[in-house]
Structure formats: C-alpha cells, structure tokens
Amino acid sequence: MNVLVLGGAGYIGSHFVKQALKQSHDVVVIDNLLTGHKQAVAKQAKFYQGDIRDKNFMNRVFQTENIDAVVHFAASSLVGESIKDPLKYFDNNVYGTIVVLETMAKYNVKKIVFSSSAATYGKHETMPITEEYPTIPTNPYGETKLMMEQMMKWADLAHGIKHVSLRYFNVAGASSDASIGEDHRPETHLIPIVLQVPLGKRDHITIFGDDYNTFDGTCIRDYIHIEDLIDAHLKALSYLEQGNDSDVFNLGSETGYSNLQIVKAAREVTNHPLPMEKGERRPGDPDKLVASYQKAKAVLGWEPKHNISKIIESAWKFHQKHPHGYEE
C-alpha cells in the first residue's frame, strides 16, 4: 500500500514509518517539524514538510502521490498546554482533521488509522477501562481527540471513509536497534525524565504525590512499548484493507505500574541509584489508569509483548546512544 503518514517525524509517527517500510509499504510523510525531527524519518520514505491545515499543500500532496490509506499522528498532545491554550488545540487537532478528511473525500481515499488517546475517557474508578466506558474528557486535548473520532464517524457515513481509532495509554521505549526514540522539547513523559538522572541531566527525580489510593501511594499507569503500539497500527491498516467496518480499540497492557515501580525498574536497568524526592500532587492526576486490550486481541489479533523492564531497557539504549536527542 501507499500509506500517507501525518506527523511522521514525531516520536510515534517515525516508529510507524520505520516498521511500515519493513513490511514493504510505500510511505509518504507529512510533518511541519514543529515538534518532529526530520532525522527520525527513515530515508526510504518520501518527505513533505508542511501543515495539514494548509489545504493547497494537502491538495498538492494528494495530486502527486497515489495515496491508498492515511495514518494520522499529527496533533498537539500536551494536556497542560491544552488547558492553557485550548484554541490552539482545536485549531491544530480538530480543524487539521477537517482538512484531512475533506482532502481524503476529494481524492477518494477511503481508509484512515487514527492515533487517539485514553484522554477521551476522562476519569473512571473501575479498571481496566474498556471501549464501552463513557467518554467524558476532562481537558481540551482529550476533547479534541474525541471530536476527531466523531468527525471520522460522520465522514464514514457521508463519504465511506473507514477508520480505526486507537486509544492508547502511556507509550514508552524506543526502536529495538536504538536508532529512534523519544525526544520531546520539553520532555513531559515519566520514563525519559527518569532516565535524565543517570544521563547527568538532572540530579534527582521528583514523584508528585504519595497519598493516592494505590498500593504504594503513587499514581499507577499502563505502559505500552512503542513497537507493540506500531504493530497494532499495522494490524489496523490490514484490518481496513480487508474491507472491515470502522471501529475503536484500546491499546494497553492491562498491567498498571506505579511511579515508584518505574523508578525501581529504571534503577535496575541503568544500575544507577536514581535519587528521588517527593513533591505535591499535580491537579487532575487520577489514581489509576489501566486499559483492557481484549477487544484488540479478539478483533485485530494484537497483544503487547514487552514488559516494563524491556520498555525501559530500550529507552535507556536510545538515550545512551543519543544523549542530546536528535541534536548533533
């Protein structure tokens, strides 16, 4: 297939490009490079620098390339920033997806795999979260992801554009050869932040809150290895290629790890004492978020293969190889 990857220079997008090429897909990448890194994009992919909100640009790409399917990772994704600047998120995420779907309809492209989020669910007490749980986002980021899903539902009814929305939880780790991994500016994800300590970039890790309703008092989250995540996207693409209906799937491990467990596992992987301090709770952090992946297993034949030690080990190899990220 000739697959157009939106946001293909980002953390998740670049891993998808790498694996899709291995599966003999032809890959075209669009990225505005505001948060992505061109160095992360495999050289065999055709690269266009531009913004999905630019209709003329999108038309040029679709006119030039014979696109069979779209994989959509292009979105602003920081929860805290979305609360401070919600209109940026509605413009980039929602309006950007309107342009994508309009262009797909215009050029008769009928398949899209969408990078959605657990943030569509909001807060729930009973775990693990299944796809039947109510979607009640608690921040603009989650709200925009849910709106993007809903637009795809209506685009399916109006234009026959079939979609798979993949709602994932905490993605971490790096490619098995350590060539690409996480390089966010600023970094907001726990595992790469923890690994900044043994890299000498910070002298300790701060854990926010130790009085949550969990077994050790710290937040519990569901982590999924980046290559497991990409495997699900490729299976979703195959699912659509076989003519199946639009659907939504959770991607997680059904195994929650507390913040203290992450620090302990990182100490074992890096052989570093990793000094830790405790800080105040951050507002809005739920006690526990864990996903059920049973639907993805039943329908897509997908399940995660990497445990938390393997996730951290792969991230550590990447950060040792690229201590300053993709900067020279």
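Scroll up a little and you will see the structure.
Rules used throughout
Residues numbered from 1 in each chain as written. Predicted model: local features only at pLDDT ≥ 70, side-chain atom pairs only at ≥ 80, totals over all residues. Heavy atoms only, no water. Helix = DSSP H or I, 4+ residues; strand = E, 2+ residues; numbered from the N terminus. Buried < 20%, exposed > 50% of the residue type's maximum accessible area, 1.4 Å probe, protein only. Contact = heavy atoms within 4.5 Å. Areas by Shrake-Rupley, 256 points an atom, 1.4 Å probe, with all protein chains shown as cover. Lys, Arg positive; Asp, Glu negative; His and termini not counted. Charge placed at Lys NZ, Arg CZ, Asp CG, Glu CD. Core = buried A, V, L, I, M, F, W, Y, C linked by side-chain atoms within 4.5 Å. Pairing = 2+ DSSP bridges. Axes fitted to C-alpha atoms, helices over the stretch in contact; angles between N-to-C directions. Parallel < 35°, antiparallel > 145°, perpendicular 65-115°, else oblique. Left-handed = near helix turned anticlockwise from the far one by under 90°. Phe/Tyr/Trp six-rings, centres within 6.5 Å; stacked < 30°, edge-to-face > 60°. Lys NZ or Arg CZ within 6 Å of the ring centre and 35° of its normal.

J.: Please clarify how the overall build of the chain should be interpreted in this entry.
T.: The helix and strand tally for the chain stands at 10 helices and 13 strands. With respect to the three principal axes, the spread of C-alpha positions in the chain is 55 × 45 × 40 Å. Classification of the 328 residues of the chain by burial places 56% in the buried group. Sequence-distant contacts, at least 24 apart, represent 77% of the contacts inside the chain between residues at least 6 apart. Accessible surface, the chain as shown: approximately 14600 Å² in total, 48% of it carbon and sulfur. The chain carries 35 positive and 41 negative side-chain charges, and their two centres are separated by 3 Å.

J.: How should I be thinking about the nonpolar core in this particular structure?
T.: Generally speaking, a soluble globular protein has its nonpolar side chains buried in company with each other. The biggest cluster of nonpolar side chains holds 40 residues, and the ones touching the most others in it are Ile-12, Phe-16 and Leu-251. At the level of secondary structure, the elements contributing two or more residues to this core comprise strand E1 (2-6), helix H1 (11-22), strand E2 (26-31), strand E4 (69-72), strand E6 (162-168), helix H7 (226-241), strand E10 (247-251) and helix H9 (294-300). In terms of residue count, the dominant contributor to this core is H7 (nine residues). Core analysis: the second largest hydrophobic core is formed by 24 residues, Leu-4, Tyr-48, Met-148 and Met-152 among them.

J.: How should I be thinking about the sheet that holds E2 in this particular structure?
T.: One key point about sheets: their strands pair by backbone hydrogen bonds, in either a parallel or an antiparallel sense. With parallel pairing, the seven strands of this open sheet are ordered in space as E3-E2-E1-E4-E5-E6-E10. With partners counted over all chains shown, the strands left at the sheet margins are strand E3 (46-49) and E10, one partner each. Geometrically, the sheet is characterised by an average inter-axis angle of 20° between neighbouring strands, direction not taken into account. In terms of strand pairing, E1 meets E2 through five bridges, oriented parallel.

J.: Would you take a moment to explain the packing of helix H4 (residues 86-106) against helix H5 (residues 140-159) for this structure?
T.: Helix packing for two helices is described by the angle between their axes and how far apart those axes are. With their axes 9 Å apart at the nearest point, H4 and H5 run at an angle of 15° to one another. Judged by the angle between their axes, H4 and H5 are roughly parallel. Considering how the two elements wind past one another, H4 and H5 form a crossing that is right-handed. Seen from H4, the contacting residues are Pro-86, Tyr-89, Phe-90, Asn-93, Val-94, Thr-97, Ile-98, Leu-101 and Ala-105; seen from H5, they are Pro-140, Tyr-141, Glu-143, Thr-144, Met-147, Met-148, Met-151, Met-152, Ala-155 and His-159.

J.: Would you mind showing me how to read the environment of Ile-205 here?
T.: Relative to the assigned elements, Ile-205 resides in strand E8 (residues 205-208). Judged by relative accessible area, which is 2%, Ile-205 ranks as buried. Separated by 70 residues in sequence, Ile-205 and Pro-275 have C-alpha atoms that sit 6.4 Å apart. In contact with Ile-205, other than residues within four places in its own chain, are Leu-190, Ile-193, Val-194, Val-197, Val-263, Pro-275, Met-276 and Glu-277.

J.: Just to check I follow, could you spell out the side chain of Asn-92 for this structure?
T.: Mapping Asn-92 onto the fold places it in helix H4. A relative accessible area of 13% places Asn-92 in the buried class.

J.: Would you mind going over the environment of Phe-47 with me for this structure?
T.: When you line up the elements, Phe-47 lands in strand E3. Sequence separation between Phe-47 and Val-5 is 42 residues, and the spatial gap between their C-alpha atoms is 9.6 Å. Non-local contacts of Phe-47, meaning those with residues more than four positions away in its chain, are made with Ala-9, Val-29, Asp-31, Leu-33, Lys-38 and Val-41.

J.: I would appreciate a short explanation of the packing of aromatic side chains in the present structure.
T.: The geometry of two aromatic rings is summed up by the distance between their centres and the angle between their planes. Applying the stated criterion to the full structure yields five aromatic pairs. Sitting over the face of the ring of Tyr-212, Arg-281 holds its NZ or CZ atom 3.9 Å from the ring centroid. The aromatic ring of Phe-249 is capped on one face by Lys-295, whose charged end is 5.2 Å from the ring centroid.

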